[in-house]
Every structure is written in structure tokens, then in C-alpha cells.
Amino acid sequence: MKIEVAMNGDTCILFPTGWVDSSNATELEQAIAAYVDDCEQLILDLAGVDYISSAGLRVIVAAHREMEEKQGLVLRNLNRNVSDIIRLTGFDKKLNIETD
């Protein structure tokens, strides 16, 4: 997995690509941890993520909890596969998902 980062004021935008699963979810977790203290809002742009497993969902839910005291976590540009997984798990009701 590759993760690019962009800053827009106090908003951090992470752009992971590839699969997010048990073999690499810690990479996403570490990338989020590197920015969570310095950002008021965290955006995960998932346009480049083809698949997310329960390990990846765990990282996203943990980030959501960490950002609750701030402006929050936003998921952006979910493809159909990732959107379906999030919806099937019920996390779509808890997470802030930006839609077109």
C-alpha cells in the first residue's frame, strides 16, 4: 500500500492506494497516528482503495474515535466495493461519508 498526504490548513488528507487488509493495515494506522495530533480534521480519500478488510475497518473506526473531539474523520471517494463493505457492516451509520 502507498499513502500520500496533503495538508490544507489544519485538515490532513490521506490518499491510501491498493488493498487495506491485515497484511498492511498497520501502515495506514501509523500514517494516521503521525497526523492525528496536528490535524483538526482528517480526510481519508479512498478513491485508490480497491478493497478493505475488517483490519482496515478497525483502523478507520479507531481514527473516527480519535477525531471525535475535533472536527472529525471524513471518508471520501469510496468505490462501490469499499462502500458496500462499509454499508454491510453498518459503519455507514456511524462514520461521516462524503458523497458526490
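Here, the structure is the one placed above.
Asker: How should unusual backbone geometry be read in this particular structure?
Answerer: Leaving glycine out, the prevailing phi sign among residues is negative, and the prevailing peptide bond configuration is trans. A positive phi angle, close to 60°, is found at N77, a residue other than glycine. As for its position among the elements, N77 is in the loop between β5 (72-76) and α3 (80-89). A relative accessible area of 32% means that N77 is categorised as partly exposed.

Asker: Would you mind showing me how to read the state of the cysteines here?
Answerer: Every disulfide links exactly two cysteines, by a covalent bond between their sulfur atoms. Taken as a whole and judged by the stated rule, the model has 1 disulfide. The partner cysteine of C12 in its disulfide is C39, sulfur to sulfur 1.4 Å. Because the sign of the S-S torsion sets the handedness, a value of about -45° for the bond joining C12 and C39 places this disulfide among the left-handed ones. You can see C12 sitting in strand β2 (residues 11-20) and its partner C39 sitting in the loop between α1 (25-36) and β3 (41-45), a full 27 residues away along the chain. C39 gets classed as buried once you look at its relative accessible area, which sits at 0%.

Definitions and limits used
Residues numbered from 1 in each chain as written. Predicted model: local features only at pLDDT ≥ 70, side-chain atom pairs only at ≥ 80, totals over all residues. Heavy atoms only, no water. Helix = DSSP H or I, 4+ residues; strand = E, 2+ residues; numbered from the N terminus. Buried < 20%, exposed > 50% of the residue type's maximum accessible area, 1.4 Å probe, protein only. Disulfide = S-S within 2.5 Å.

Limitation: the analysis is restricted to geometry and does not speak to function.
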